[in-house]
Amino acid sequence: MVMIMRKLASRLSYLQSFPAKPFRSRTNSIPLGPSLKSNTTFRTLRGGRFFTTGLRTNESLSSHSAMDLETLTAEYPNTDQIKVVERFFDLPLDYNTPNGEKIRVFARNLIPKNKAKIEKEEKDLPYLVYLQGGPGFEVGLMGSSGFAGEIHAEGYQTLWLDPRGTGLSTPISADTLPAHLKSDQDIADYLKHFRADSIVKDCESIREILIGNKPEEEDRKWTIMGQSFGGFCAITYLSFYSKGLKEVFITGGLAPLIDHPDPNYEWTVRKVISRNKIYYEKYPQDISRVRDIANYLEENKVVLPSSGNLTVRRFQQLGIDFGMSGGIDRVHQTVFRAANDLELFGKFSYKTLQNIEHNQSFDGNPIYAILHEPIYCQGKASRWSADRIVQKNPQFSWAHVKKLSANEPIYFTGEMIFPQMFDDYANLRPLKGAAELLAQDASWGPLYDLQQLAMNEVKVSAATYFEDMYVPFELSQETAGKIHNTEQYITNQLFHSGIREDPKDVIKRLFQLSRREFA
């Protein structure tokens, strides 16, 4: 059964079911021209088992000498060939001082050869730029399957950006910070350049480099797709640089248009409580298991393989997986194994500790922790928003729950950042002082222009998940109503990771919306 209704400027399609299928791939070209600014350089590196062909940039690249580019053609088993171009761009850390410190930003360009068999066809293929979720996560190596393949099948070449501070784009961690950052304030000031506003400026610089010299105005635009936090970036892009955009696709990322994170976490906590109830209804024996685990962690210092501390609060953070497909079952397996260890050995095995650590990404992706709340801030401080709001519900507190009857569960937390994490995670400890400064900082600049969004003419097609635990559905609907020319595909059959769970259907729905053919 399908029910379709209008709400403000958005089309809401509530679907009970849809088929799950695989996907294909797509392509584009690499025009490089004289629009490259004198403060921006780029280079393409070589890697893997690929057939390589040399390209040379336009000789008129300002003051920079021409550099060799290597295109990499990868033959994926049982699929069409994809040309892979790995690109690096030297861009300003701070766009207010474009001739100052530079960072290196990486993007991988995939060109499906079944869509472009000759060089001219490559150059004519339009770009679709993928903006990753997070904040603070890189893009894995994409190929000709999954949603990448579905996008390629629609006639695009794709550009997969590692957002600044992640992956190959000057990755941030305590051990890679520039040597000139001597104090916590230095580090905090540096990290303020890694939000959506700077990511979008990187995209615009790269667009100018790759297609800014094309003769036709429409050919100098590209399409973007933002997943989760990538959708937040897409809305920032629409707010300030919409002239560079042909079209926008958003999956699970209609960002709350707020100036501080409290409203987001008020809704998020409600959804996390709901998922906890579902978890304990499905696995009622885990009530006592989790209580036993919490009791053990309170009475014993447990050190993880990375030297982090496994505390009660860190164990509760496994609930971040509740909002993903299969997440409730994965958490149960961790709880079941940990409880079994306590029964057999009186402690947690190395394998259990390794599994827990593997399911928590903050050590390797510290931006995810340190800038998670500031991604909502415009002129206001976050002041550890999630921590303040979670404290309103004592069911999240082991100090409270342990005094209750044995059938009372302690709740897991969700996608939330707490100040204690900068003690519990080994790689976050050196950033603790900077994190505190950022949490109290109220000088954040604007991320959205509501007036511009209300006048938006760029097509926005969004996949929205009714049960989303990370981007609250209720706030997403407010956002959809504030961005002109927005249409939605809404489903309660997929979770936040829907584009990976059912890429064929999600991409198909998005492009159906894009055609704006409502029969």
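Scoring rules and cut-offs
- Just so you know, the residues in each chain are numbered from 1, in the order the chain's sequence is written.
- Owing to the predicted nature of the model, reporting of local features is limited to residues with pLDDT of at least 70; listing and counting of side-chain atom pairs is limited to 80 or more, with chain, interface and lining totals taken over all residues.
- In computing side-chain values, all of the structure's heavy atoms are included and hydrogens and water are not.
- Secondary structure elements are taken from DSSP: a helix is a run of H or I of four residues or more, a strand is a run of E of two residues or more, and numbering for both begins at the N terminus.
- Contacts are residue-level and defined by heavy atoms, with any inter-residue pair within 4.5 Å sufficient.
- Burial here depends on accessible area, computed with a 1.4 Å probe over protein chains only, as a share of the maximum for the residue type. Under 20% is buried, over 50% is exposed, and the range in between is partly exposed.
- Salt bridges are identified by distance alone: a Lys or Arg side-chain nitrogen within 4 Å of an Asp or Glu carboxyl oxygen.
- A pair of Phe, Tyr and Trp rings is counted when the ring centres sit within 6.5 Å of each other, with Trp represented by its six-membered ring. The angle between the planes then sorts it: under 30 degrees is stacked, over 60 is edge-to-face, the rest tilted.
- If DSSP finds at least two bridges between two strands, the strands pair.
- Multiply 1.5 Å by the residue count of a helix minus one, and that product is the helix's expected span.

Peer 1: Got a minute to help me understand the overall build of the protein chain in this structure?
Peer 2: Each helix and strand counted, the protein chain has 19 helices and 13 strands in total. Sequence separation of 24 or more characterises 76% of the internal contacts of the protein chain that already satisfy a separation of 6 or more.

Peer 1: Mind showing me how you'd approach the side chain of Thr479 here?
Peer 2: Examined against the element boundaries, Thr479 turns out to sit in helix H17 (residues 473–482). We classify Thr479 as buried; its relative accessible area is 1%. Apart from the residues lying within four places of it in its own chain, the contact partners of Thr479 are Ile235, Leu254, Ala255, Pro256 and Leu257.

Peer 1: Would you take a moment to explain the pattern of salt bridges for this structure?
Peer 2: Side chains that carry opposite charge are capable of pairing whenever their charged atoms lie near each other. A complete count under the given rule lists 24 salt bridges for this structure. We note a salt bridge from Asp124 to Lys120, for which the minimum N-O separation is 2.8 Å. Here Asp124 and its partner Lys120 are both found in helix H1 (residues 119–124), 4 residues apart, which amounts to about one turn of the helix. Given a relative accessible area of 57%, Lys120 falls into the exposed group. As a salt-bridge pair, Asp505 and Arg509 come within 3.3 Å of each other at their nearest N and O atoms.

Peer 1: Can you walk me through the packing of aromatic side chains in this structure?
Peer 2: Working definition: an aromatic ring pair is given by the centre-to-centre distance plus the angle between the planes. With the rule as written, the count across this model stands at 24 aromatic pairs. Judged by centre distance (5.3 Å) and plane angle (50°), the ring pair of Tyr190 and Phe194 falls under tilted. In this pair, the class of Tyr190 matches that of Phe194, namely buried. Ring plane angle 75° and centroid distance 4.9 Å describe the contact between Tyr279 and Tyr280, whose orientation is recorded as edge-to-face. A residue is classified by how much of its surface remains accessible, and Tyr279, at 0% relative accessible area, is buried.

Peer 1: What's the story with the pairing of strand E6 (residues 82–92) in this structure? I'm lost.
Peer 2: Counting buried positions over the 11 residues of E6 gives 11, a clear majority of the element. Pairing geometry for E6 and strand E7 (residues 102–112), over 11 bridges, is antiparallel. Within the sheet, the bridge partner assigned to Lys83 lies in E7 and is Ile111.

Peer 1: Looking at this model, I keep getting lost on helix H19 (residues 503–515). Mind explaining?
Peer 2: Helical geometry: 3.6 residues make up each α-helical turn, so side chains three or four residues apart lie on a common side. Look at H19: 18 Å from first C-alpha to last across 13 residues, which is about the 18 Å you get at 1.5 Å a residue. Every buried residue of H19 is accounted for by Pro503, Asp505, Val506, Ile507, Arg509, Leu510, Phe511, Leu513 and Ser514. One or two steps after H19, the chain reaches Arg516, where phi turns positive at roughly 55°.

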